[in-house]
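Architecture and fold: a report
Chain by chain, the residues:
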Amino acid sequence: MPRARDSQVNDTASRLSQPSTSQMVGNLSQMSQLQSQTQSKAFDSMPPEEREKKVNDLVQYLIVMDQKKIPIKKRDINKVVLKESSRAFNALMEEASQKLLSVFGFKVVELTDKFKGSYILINTIENELENSHLDWSELESAKMGLLSVILSMIFMNGSAIEEGDMWHALRVFGINPGESHGTFGDVKSVINEEFVRQGYIEIKNQATADAVIKEYRWGQRAAHEFKKRNALSLVSDTYQCEPEAWLHQWQQVQEEEGGGATAAAQGSRNGHEPMEVL
């Protein structure tokens, strides 16, 4: 009996010593406030000319690095640009973000999940020709064309497409996974490695009863850079039909652009059924 009583006492003491959820949230909030105050002090203690130089250097670095379309890591920014001023990262990044948007029309986006702690630049200026301000090589333009086709396939297929279905569709364009392409070379590497590393495509392994199947989805960069309307327009032009013919996808486009309720009502009146691409 004494042992049982001792065990109960130990359990009670253990529960009392463990912080509650509200206490943990409060502690995290205090830590965040302290970190913010520390960064603010570090920023305020910098001479104005040094602050301006760091902000300008950061703006230039982000523009140059984004041309590679690889998400820019916070640790690289601190190492290459901010250095001893890294304690003022948040304040300097905020200043740089404002300048990038007001002067160059670029919005700084912080990524999440596996890209957490990385940033990309999104062009907010509408051009007649998408990204017409960029001077791309023929290879880069061809890769963007390939990417647009794949992203359109994914969108039209219900936001995800299995690897086998993707390659089956790409064969129409003379693209095969086991063959070297005249323009892209190892096209499988371009899709599975380059596009994934850039954040345009996300690949998830789905386990089935027979095997593990790769499933392709839009990546975080694609979600920010590409519009669903453009994906639908590409397919509609290919099939020589109106975008409204693809009811489900048309409703998604309208929802993205803020007219979801109207599109749903119109689609109901028209009686269109979703159409399959593959």
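Scroll up to find the structure this text is about.
Residues numbered from 1 in each chain as written. Predicted model: local features only at pLDDT ≥ 70, side-chain atom pairs only at ≥ 80, totals over all residues. Heavy atoms only, no water.

1. Side note on the packing of aromatic side chains
Operational definition: Between 30 and 60 degrees the pair is tilted, below 30 it is stacked and above 60 it is edge-to-face, where a pair is any two Phe, Tyr or Trp rings, Trp via its six-membered ring, whose centres lie within 6.5 Å. The helix count covers DSSP runs of H or I at least four residues long, the strand count covers runs of E at least two residues long, and both are numbered beginning at the N terminus. Think of it in three bands: residues with accessible area under 20% of the maximum for their type are buried, residues over 50% are exposed, and the middle band is partly exposed, with areas taken using a 1.4 Å probe on protein chains only. Geometrically, a charge over a ring is one whose NZ (Lys) or CZ (Arg) sits within 6 Å of the ring centre while staying within 35 degrees of the ring normal.
Taken as a whole and assessed by the stated rule, the structure comprises 4 aromatic pairs. Aromatic side chains Phe-89 and Tyr-119 sit 6.0 Å apart centroid to centroid with 45 degrees between the ring planes, which places their arrangement in the tilted category. You can see Phe-89 sitting in helix α5 (residues 89–104) and its partner Tyr-119 sitting in strand β3 (residues 118–123), a full 30 residues away along the chain. Across the pair, Tyr-119 and Phe-89 agree in class, each one buried. Aromatic pair Tyr-239 and Trp-246: ring centres 5.5 Å apart, planes at 75 degrees, arrangement edge-to-face. Look at Tyr-239 and you get partly exposed, because its relative accessible area is 42%. When the ring centre of Phe-89 is taken as origin, the NZ or CZ atom of Lys-74, which lies over that ring, is 4.7 Å away.

2. Some thoughts on the nonpolar core
Going by this rule: To qualify as a nonpolar core, a set must consist of buried Ala, Val, Leu, Ile, Met, Phe, Trp, Tyr and Cys residues joined through side-chain atoms within 4.5 Å. Here a residue-residue contact requires only that any non-hydrogen atoms of the pair lie within 4.5 Å.
Ranked by size, the top nonpolar core spans 34 residues in total, and within it Leu-146, Ile-150, Met-166, Leu-170, Ile-191 and Ile-201 carry the most contacts. Going through the elements one at a time, α6 (138–156), α7 (163–170), α8 (187–198), β8 (212–218), α10 (228–239) and α11 (247–256) are the ones with two or more residues in this core. No other element matches α6, which puts 10 residues into this core. Dropping the residues within four chain positions of it, Leu-146 is found in contact with Leu-170, Ile-175, Phe-184, Val-187, Ile-191 and Phe-195. The next biggest cluster of nonpolar side chains, apart from the first, holds 23 residues, and it includes Ile-72, Ala-91, Leu-92 and Leu-100.

3. Digging into the side chain of Ser-97
Note the cut-off: Here a polar contact is taken to be a pair of N or O atoms separated by no more than 3.5 Å, where protein atoms must pair a possible hydrogen donor with a possible acceptor and residues adjacent in sequence count only if both atoms sit in side chains.
Following the sequence through the fold, Ser-97 ends up in helix α5. Within polar-contact distance, the side chain of Ser-97 engages the backbone oxygen of Met-93 at 2.7 Å. Beyond its immediate chain neighbours, meaning those up to four positions away, Ser-97 contacts Phe-106 and Val-108.

4. Overview of the packing of α7 against α8
Geometry of a packed helix pair, given as the angle between the helix axes and the separation of the axes. For clarity, the threshold we go by: Between the N-to-C directions of two axes lies an angle of 0 to 180 degrees, each axis being a line fitted to C-alpha atoms and, for a helix, fitted only over the stretch in contact. Roughly parallel means an angle under 35 degrees; roughly antiparallel, over 145; roughly perpendicular, 65 to 115; everything else is oblique. Take the far helix as the reference: if the near one is turned anticlockwise from it by less than a right angle, the crossing is left-handed, and if turned clockwise, right-handed. Note that Gly is not counted as nonpolar here; it falls among the polar residues with everything else outside the nonpolar set of Ala, Val, Leu, Ile, Met, Phe, Trp, Tyr, Cys and Pro and the charged set of Asp, Glu, Lys and Arg.
Between α7 and α8, the least distance of the axes is 13 Å, while the angle of their chain directions is 135 degrees. In terms of axis orientation, α7 runs oblique to α8. Our pair here, α7 against α8, has a crossing hand that is right-handed. Between α7, through Glu-163, Met-166, Trp-167 and Leu-170, and α8, the contact on the second element is made entirely by Val-187, Lys-188, Ile-191 and Asn-192. Taken together, the residues of the contact of α7 with α8 sort by class into 5 nonpolar, 1 polar and 2 charged.

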